[in-house]
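# Topology and contacts: notes
Residue-level listing of the chains:
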Amino acid sequence: MTIKSKKIGIMGGTFNPVHMGHLLLAECAREQAKLDQILFIPSGYSYMKEDQNVLSGAERLKLVSLSIADNPYFSLSDMELTRDGYTYTYETLELLCKDNPDAAYFFITGADSLLSLDRWKFPERILSNCSLVTAVRGDTELQEVKVAAERLEKKYGAHILLLDMPRTDISSTDIRARLASGRSIRYMVPEPVAQYIYEKQLFIR
Ligand code: NAP
């Protein structure tokens, strides 16, 4: 067995926009899975989000870069934004593993992503190239997530670590709705992110 010298967390997301829930998830994963680095990868074009008002890749990238600027463990990749067509997680992981054979990858998710992962493209190719680190928000979710995790472990030999994380119900959907109706998003996103959103009038009709 190859010994991997570095443990890298992948924080993939649409990040439309990035918020404190994403950052807290990444930080809990870093601490509990003892990761050396977290790589934020904003998603490219997603067939699952075609009906949503998604900012351009360049704008989502800018917001993520503002949000992680003060954390030396967090870095950013535009690799999904520079690929044409739909972007799939199995491809991203295969590219990363090929380019960095010394690294062990940990894909960080919330519970919803874990519950739907079976329906993503080539789940077996995702799970053979990374472990999952999944946040559980609340007791009801814990039971559901445990069942789903066991199923993925049996079916694909997945390695899954469940994270203990304080519950925050911040969501990108709620932030967009707040902006559209003139309500505050203060403390839901880092201050530089809020400033950029207001300056560029993003999500504000
Ligand atoms: P997102 O909405 O921007 O969220 C990113 C992650 O943060 C999700 O796992 C989400 O959990 C979590 N999160 C959001 N708010 C949170 C909070 N308040 N507390 C804790 N966690 C929170 O991203 P997304 O659009 O779901 O995409 C996630 C990743 O999955 C991306 O890398 C995307 O490319 C990938 N994906 C791949 C496929 C495929 O390959 N076919 C299909 C779908 C998604 P939840 O999961 O609970 O929302």
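Before any of the text, the structure's been laid out above.
Residues numbered from 1 in each chain as written. Predicted model: local features only at pLDDT ≥ 70, side-chain atom pairs only at ≥ 80, totals over all residues. Heavy atoms only, no water.

## Things to note about the overall build of the protein chain
In terms of regular secondary structure, the protein chain is built from eight helices and six strands. When the elements of the protein chain are put in sequence order from the N terminus, they spell out β-α-β-α-β-α-β-α-α-β-α-β-α-α. Taken along its principal axes, the extent of the C-alpha atoms in the protein chain is 55 × 40 × 35 Å. In the protein chain, which comprises 205 residues, the proportion classed as buried is 47%. Approximately 10,900 Å² of the protein chain is accessible, and the part contributed by carbon and sulfur atoms is 50%. (Helix = DSSP H or I, 4+ residues; strand = E, 2+ residues; numbered from the N terminus. Buried < 20%, exposed > 50% of the residue type's maximum accessible area, 1.4 Å probe, protein only. Areas by Shrake-Rupley, 256 points an atom, 1.4 Å probe, with all protein chains shown as cover.)

## Considering the sheet that holds strand β1 (residues 6-13)
Read across the sheet, six strands follow the order β3-β2-β1-β4-β5-β6 without closing on themselves; strand pairing throughout is parallel. The open sheet has two free edges, formed respectively by β3 (74-76) and β6 (160-164), since each of these has just one partner strand. Across the sheet, the mean angle from the axis of one strand to that of its neighbour is 30 degrees, orientation sign disregarded. Here four bridges tie strand β4 (residues 103-109) to strand β5 (residues 131-136), and the two strands are oriented parallel to one another. Within β5, the residue paired with F107 across the bridge is L132. Docked against the sheet, helix α1 (residues 20-32) engages β1, β2 (37-42), β3, β4, β5 and β6, running at close to 115 degrees with respect to β6. Lying over the sheet, helix α3 (residues 89-99) contacts β1, β2 and β4, oriented at roughly 155 degrees with respect to β4. (Pairing = 2+ DSSP bridges. Axes fitted to C-alpha atoms, helices over the stretch in contact; angles between N-to-C directions. Contact = heavy atoms within 4.5 Å.)

## Observations regarding the nonpolar core
Ranked by internal contacts, the top residues of the largest apolar core, which has 36 residues, are M11, I38, F40, L63 and I108. Among the secondary structure elements, those contributing two or more residues to this core are α1, β2, α2 (57-68), β4, β5, α7 (172-180) and α8 (191-200). Counting residues per element, this core draws most heavily on α1, which supplies five residues. Ignoring anything within four residues of it in the chain, the contact list for I108 reads G9, I10, M11, L25, A29, L35, I38 and V133. (Core = buried A, V, L, I, M, F, W, Y, C linked by side-chain atoms within 4.5 Å.)

## Digging into the site of the ligand
Near the ligand there are 27 residues, and of these T14, G110, S113, R137 and T168 occur at the shortest range. Between K121 and the ligand, the recorded distance is 3.3 Å, taken from a backbone N or O atom to a nitrogen atom. In isolation the ligand has 880 Å² of accessible area, and contact with the protein removes 89% of it. Broken down by secondary-structure element, the contributors of at least two residues to the shell around the ligand are β1, α1, β4 and α4 (111-116). Across the shell around the ligand, the residue classes tally to eleven nonpolar, twelve polar and four charged. (Near = heavy atom within 4 Å. Polar contact = N/O pair within 3.5 Å; in protein donor to acceptor, adjacent residues only side chain to side chain. Nonpolar A, V, L, I, M, F, W, Y, C, P; charged D, E, K, R; others polar.)

## As for the pattern of salt bridges
Scanning the entire structure with this criterion turns up seven salt bridges. Between E94 and R125 there is a salt bridge; the shortest N-O distance is 2.8 Å. Placement of the pair is E94 in helix α3 and R125 in helix α5 (residues 123-127), with a sequence separation of 31 residues. For D174, the salt bridge goes to R178, with nearest N and O atoms at 3.0 Å. (Salt bridge = Lys/Arg side-chain N within 4 Å of Asp/Glu carboxyl O.)

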